[in-house]
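Coordinate analysis (summary)
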Amino acid sequence: MSAHPSTLDDDVRAALDGVTLPDGTGLGASGRVTGLSVTGGRISLSIQIEAQEAAAFKTTRDMVETRLRALPGVTSVFAVLTSERAAPPKLSPLTPKAKPDPLAGIRHVIAVASGKGGVGKSTTTVNLALALRAQGLTVGILDADIYGPSLPTLLGLHGKPGMADGRKLKPMQAFGLKAMSMGLLVDAETAMVWRGPMVMSAITQMMADVDWGALDVLLVDMPPGTGDAQLALAQGTKLAGAVIVSTPQDLSLIDARRGITMFRKVDVPILGIIENMSHFICPDCGSSHAIFGQGGAEQEAARLGVPYLGAVPLTQALRVASDAGQPITARAPDGPLGQIYQQIARAMMAGLNAAGAGQSPALKLTGDLT
Ligand code: ADP
């Protein structure tokens, strides 16, 4: 026996050793635990399984979470089941699931996506959510941007989410919105080394584990990009539609087109393109400069037969407000920028209603989108 006093790491390992797998072996010795991170009182880990073992291992995961939560000094536990050999995403709509839908209380789940990072997807998500809120809707935001979760900063969220009943996480509250972020559960450094399948299972699990209650709209701030992880997330979630955020530069417009193709593959209606940083508003003189050219996103949207939802200018006020955790649409919903987001929110909801009635122009996409 070691003479050292036991640390939380030791306790965690001992707890994992004490969990028995369906085949009778101990979890600790099975080599299935990867990505174990114990930071402060926050624990996250993955349990490697084969895709067909998912149902059998749910009890194991629950047991791991219960045992680790019971350890002194532990404040949160996040265990995910992950299969390295995930089945490739199917390109057909999902068949309805028999089990209860954890998002059943949410009327519309809408993805906010971008082909690449840094285009202002999260800033747009937050201000769009606040615009919908200003119009009287109940709104939640799920920050699924696992590699760069920015919701805690944008909404000034602090602390850790509490537990509602036994297993469900309570969403945080900010500016009248319900919010949950991967950044509140998993360290950025841990998530950085996660591979595609781990990201997917973490996100889908997080969606199911949050007690959202009744919401008119849940906006999902998607991880940037249009790869398999994004495709599977779009497919595994009951999405009412998707909006694409793009800057006017050609490169990111090409990325936006990839995003449109992706959602189209899984039959998710494209509610439209939002052009961010479309023109620069000079803080000194208030004049407007089309630094990246004008009308690119609108023309592209028209070419693709996708609604153009509107343009948000590049303004210093917007950036400063975002960094301070005081989003501009919360501060001044009827100010110049607040009105722009409200206009975009109205256009998006109009498209959503049309899509629900089967008349969305998004469903009539034509042309070469690749
Ligand atoms: P993404 O989610 O696409 O990675 P963010 O929303 O985090 O992008 O935005 C990246 C940076 O750009 C942030 O510093 C944000 O404050 C800033 N930003 C986003 N949109 C605007 C805008 N319209 N005007 C000024 N700054 C913006």
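Structure's up top.
What comes next is a walk through the structure. Computed from a predicted structure; not experimentally measured. (Residues numbered from 1 in each chain as written. Predicted model: local features only at pLDDT ≥ 70, side-chain atom pairs only at ≥ 80, totals over all residues. Heavy atoms only, no water.)

Describing a nonpolar patch on the surface
A cluster of nonpolar residues, Ile291, Phe292 and Leu314, forms a patch on the protein surface that exposes about 250 Å² of accessible area. Its place among the elements puts Leu314 in strand β12 (residues 308-314). Since its relative accessible area comes to 30%, Leu314 is described here as partly exposed. (Patch = residues over 30% accessible without salt bridge, like charges linked within 9 Å, V, L, I, M, F, W, Y side chains within 5 Å. Areas by Shrake-Rupley, 256 points an atom, 1.4 Å probe, with all protein chains shown as cover. Salt bridge = Lys/Arg side-chain N within 4 Å of Asp/Glu carboxyl O. Helix = DSSP H or I, 4+ residues; strand = E, 2+ residues; numbered from the N terminus. Buried < 20%, exposed > 50% of the residue type's maximum accessible area, 1.4 Å probe, protein only.)

Some details on the site of the ligand
Surrounding the ligand, one finds 16 residues, the nearest of these being Gly118, Lys121, Ser122, Thr123 and Pro313. Lys121 places a polar main-chain atom, nitrogen or oxygen, 2.8 Å from an oxygen atom of the ligand. In this structure, a nitrogen atom belonging to the ligand sits 2.9 Å away from a main-chain N or O atom of Pro313. Surface burial for the ligand is 81%, taken as the share of its 560 Å² of free accessible area covered by protein chains. Listed by contribution, the elements that provide at least two residues to the shell around the ligand are α3 (121-134), β10 (270-281), β12 and α10 (316-323). Across the shell around the ligand, the residue classes tally to six nonpolar, eight polar and two charged. (Near = heavy atom within 4 Å. Polar contact = N/O pair within 3.5 Å; in protein donor to acceptor, adjacent residues only side chain to side chain. Nonpolar A, V, L, I, M, F, W, Y, C, P; charged D, E, K, R; others polar.)

What about the nonpolar core?
Judged by nonpolar contacts, the single largest core of 82 residues is most densely connected at Leu132, Trp212, Leu219, Phe263 and Met348. When residues in this core are grouped by element, the largest group, seven residues, is from helix α12 (residues 336-356). In this structure, Trp212 is in contact with Leu103, Ile106, Gly140, Ile141, Leu142, Pro171, Lys178, Ala179, Met180, Met207 and Leu218, ignoring residues within four places of it in sequence. Of all hydrophobic cores here, the second largest spans 18 residues; its members include Ile43, Phe57, Val64 and Leu71. (Core = buried A, V, L, I, M, F, W, Y, C linked by side-chain atoms within 4.5 Å. Contact = heavy atoms within 4.5 Å.)

Some thoughts on the packing of helix α1 (residues 8-17) against helix α2 (residues 54-69)
For the pair α1 and α2, interaxial distance at closest approach is 10 Å and the crossing angle is 145 degrees. The handedness of the crossing between α1 and α2 comes out as right-handed. Where α1 approaches α2, its residues Val12, Ala15 and Leu16 are matched on the opposing element by Val64, Arg67 and Leu68. Here the residues of the contact of α1 with α2 sort into five nonpolar, no polar and one charged. (Axes fitted to C-alpha atoms, helices over the stretch in contact; angles between N-to-C directions. Left-handed = near helix turned anticlockwise from the far one by under 90°.)

Structural notes on helix α9 (residues 296-304)
For an α-helix, the turn length of 3.6 residues means that residues three or four places apart are oriented alike. Listed as buried for α9 are Ala297, Glu300, Ala301 and Leu304. Projection of α9 onto a plane perpendicular to its axis shows the buried side chains occupying an angular sector of 100 degrees, all on one side. In α9, those exposed residues whose orientation departs by more than 90 degrees from the buried face are Gln299 and Ala302. Once α9 finishes, Gly305 follows within two positions and takes phi at roughly 70 degrees, a positive value. (Arc of directions from axis to C-beta.)

Topic: the pattern of salt bridges
Tallied over the entire structure, the rule returns nine salt bridges. Among the salt bridges present, the one from Asp62 reaches Arg61, with a minimum N-O distance of 3.5 Å. Since its relative accessible area comes to 7%, Arg61 is described here as buried. For Arg69, the salt bridge goes to Glu65, with nearest N and O atoms at 3.5 Å. With a gap of four residues between them, Arg69 and Glu65 both fall in helix α2, about one helical turn apart.

Details of the sheet that holds strand β3 (residues 76-82)
Spatially, three strands are ordered β1-β2-β3 in an open sheet, and the strand pairing comes out mixed. Since the sheet does not close on itself, it has two edges, and those belong to β1 (33-39) and β3, each with one partner. Neighbour-to-neighbour, the strand axes of this sheet turn through a mean angle of 10 degrees, independent of strand direction. Direction of pairing for strand β2 (residues 42-48) relative to β3: parallel, over a ladder of seven bridges. By the bridge assignment for β3, Arg42 is matched with Ser76. On the sheet, α1 packs against β1 and β2 and is oriented at approximately 145 degrees with respect to β1. On top of the sheet, α2 reaches β2 and β3; it is set at about 160 degrees to β3, its chief contact. (Pairing = 2+ DSSP bridges.)

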